[in-house]
Amino acid sequence: MVAGLVIGLLAAGAACWCTRRWATAPLQRSTETLQETIRALRDSLAQLTEERNQAQAILERMVEGVIALDAEGNVLAMNPAAAALFDVETDRAVGRPLLEVIRHHEMREVLRQVMTDRQGATRDISLFRPRERVIRVRAVPYEAQEAAKPRMVMVLEDVTESQTYERLRKEF
């Protein structure tokens, strides 16, 4: 009788253990899947952060000025070289309309042309402040996945010296 009771208890314990094991198996698989997803997201976030930091380092060290604009002409980003060309503070320019930050009629024309035609444009513009210079503006639209309208990137190069040298070369 005691042996039957022991066998019954062992059988009940085994059944209980198996039931718990089978009941928790799907939960364990879900937990493992969730942990794999979290690891993948962390890896993706780390990679995106590294890429962003690289792009930011490159832009900050470029000699040419770079300005990124949204579809309405608001400044999304401006590197230090662009800020220096127009004697503006980068932090104060971001989020504001370019034409409010840089009050220049030729820049307005480049902006209008690129946004209207949705094609790149290049133009030399003359600046008189903070000192007299000639700036080559190359502007191109680009499609952003989350934006319905195209955005624009402008690359600004000070060509004052090269134009001066070219003019002197032609004179001789």
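Structure first, text after, so check above.
Thresholds, definitions, all that
Residues numbered from 1 in each chain as written. Predicted model: local features only at pLDDT ≥ 70, side-chain atom pairs only at ≥ 80, totals over all residues. Heavy atoms only, no water. Salt bridge = Lys/Arg side-chain N within 4 Å of Asp/Glu carboxyl O. Helix = DSSP H or I, 4+ residues; strand = E, 2+ residues; numbered from the N terminus. Buried < 20%, exposed > 50% of the residue type's maximum accessible area, 1.4 Å probe, protein only. Pairing = 2+ DSSP bridges. Axes fitted to C-alpha atoms, helices over the stretch in contact; angles between N-to-C directions. Contact = heavy atoms within 4.5 Å.

1. Description of the pattern of salt bridges
What the rule picks out here adds up to 4 salt bridges. The partner of arginine 112 in a salt bridge is glutamate 109, with the nearest N and O atoms 3.3 Å apart. Pair noted here: arginine 112 and glutamate 109 are both in helix 5 (residues 105-117), with a separation of 3 residues, about one helical turn. Taking relative accessible area as the criterion, arginine 112 reaches 46% and is therefore assigned partly exposed. Looking at glutamate 109, the relative accessible area reads 30%, which means it is partly exposed. Ionic pairing is found between arginine 138 and glutamate 157, a salt bridge with its closest N-O pair at 3.1 Å. Of the two residues, arginine 138 sits in strand 4 (residues 133-142) while glutamate 157 sits in strand 5 (residues 151-158), which places them 19 residues apart along the sequence.

2. Considerations on the pairing of strand 4
With 7 bridges joining them, strand 3 (residues 121-127) and strand 4 adopt antiparallel strand pairing. Looking at the pairing, aspartate 124 lines up with arginine 136 of strand 4. Note that strand 4 and strand 5 share 8 bridges and pair antiparallel. Bridge assignment links arginine 138 to a residue of strand 5, and that residue is valine 155.

3. Thoughts on the sheet that holds strand 4
The pairing of strands in a sheet happens through backbone hydrogen bonds and is either parallel or antiparallel. What the 5 strands build is an open sheet, ordered 2-1-5-4-3; its pairing is antiparallel. Strands at the two margins of the open sheet, each flanked by one partner only, are strand 2 (75-78) and strand 3. Within this sheet the neighbouring strands show an average axis-to-axis angle of 20°, counted without direction. In the packing of helix 5 onto the sheet, contacts are made with strand 1 (65-69), strand 3, strand 4 and strand 5, and the angle to strand 3 comes to roughly 170°.

4. Considering the pairing of strand 1
In regular strands, side chains alternate between the two faces of the sheet. In terms of residue burial, strand 1 counts as a mostly covered element, since 5 of its 5 residues are buried. Taking every second residue as pointing to the same face, both faces of strand 1 are buried, with Gly65, Ile67 and Leu69 on one and Val66 and Ala68 on the other. Where strand 1 meets strand 5, 5 bridges bridge the pair, whose relative direction is antiparallel. What sits directly across from leucine 69, in strand 5, is methionine 152. Where strand 1 and strand 2 come together, 3 bridges link them in antiparallel fashion. By the bridge assignment for strand 2, alanine 68 is matched with alanine 77. Between strand 1 and the antiparallel strand that follows it, strand 2, lie 5 residues; glycine 73 among them carries a positive phi value of about 90°.

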